Amino acid sequence: MNKPSDKLIEQRVRNRLIESFDVFADEAAVDVLGTDGIIEIWYDYVDNDWIQLSNQPVYTEEELASIHRFHELLESVYKKIPSTFNISDLVSCKEWAELSALAQESHDIFMKNGLSDEEKESHKQVWI
């Protein structure tokens, strides 16, 4: 088996980011993964180093901007979010509501181009 190219790896990461946005926007996910688990999914793929270095051609400018917005918001509010597996604990948590709304918006932005192929490099035009 051949080692996947950097572009193919980034296509796979792009799909994981789409999934992460979907989980943040899904209230039922809190009952299964908890808020800490959902937040950790994001940090499995994105951190400040990734934000500074990612200029891969698998993202549109709009997608990169949405990643930056979401990451900045998460960085500024995650300490205010209660650690819980119960969505009712988040009813009065405006920070979670903001994250959830921005995650849905970001998911919608990414889905304009859909999921990336995970087995072969996309031959789409470079989007950046």
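Scroll up a little and you will see the structure.
(A) Looking closely at the pattern of salt bridges. All chains considered together, the criterion is met by five salt bridges. Salt-bridge contacts for E19 lead to R16; the nearest nitrogen and oxygen are separated by 2.8 Å. In this pair, E19 and R16 are both assigned in helix α1 (residues 6-25), three residues apart and thus about one turn of the helix distant. A residue is classified by how much of its surface remains accessible, and E19, at 38% relative accessible area, is partly exposed. Among the salt bridges present, the one from E62 reaches K112, with a minimum N-O distance of 3.1 Å. You can see E62 sitting in helix α4 (residues 61-77) and its partner K112 sitting in the segment after α5 (94-111), a full 50 residues away along the chain. Relative accessible area serves as the criterion here: at 36%, E62 is assigned to the partly exposed category. Several salt bridges converge on common partners, so that one network encompasses R16, E19 and E118.

(B) Up close: the packing of α1 against α4. Where α1 meets α4, the axes come as close as 12 Å, and the angle between the chain directions of the two elements is 50°. In terms of orientation, α1 and α4 fall into the oblique class. Considering how the two elements wind past one another, α1 and α4 form a crossing that is left-handed. When α1 is examined against α4, the residues R14, L17, F21 and F24 are found in contact with a partner set consisting of E63, I67, F70 and L74.

(C) Inspection of the side chain of S20 at higher detail. Residue position: S20 is located in helix α1. Looking at S20, the relative accessible area reads 2%, which means it is buried. Discounting residues that sit within four places of it in the chain, S20 has contacts with I41 and W42.

About the thresholds
- Residues numbered from 1 in each chain as written.
- Predicted model: local features only at pLDDT ≥ 70, side-chain atom pairs only at ≥ 80, totals over all residues.
- Heavy atoms only, no water.
- Salt bridge = Lys/Arg side-chain N within 4 Å of Asp/Glu carboxyl O.
- Helix = DSSP H or I, 4+ residues; strand = E, 2+ residues; numbered from the N terminus.
- Buried < 20%, exposed > 50% of the residue type's maximum accessible area, 1.4 Å probe, protein only.
- Axes fitted to C-alpha atoms, helices over the stretch in contact; angles between N-to-C directions.
- Parallel < 35°, antiparallel > 145°, perpendicular 65-115°, else oblique.
- Left-handed = near helix turned anticlockwise from the far one by under 90°.
- Contact = heavy atoms within 4.5 Å.

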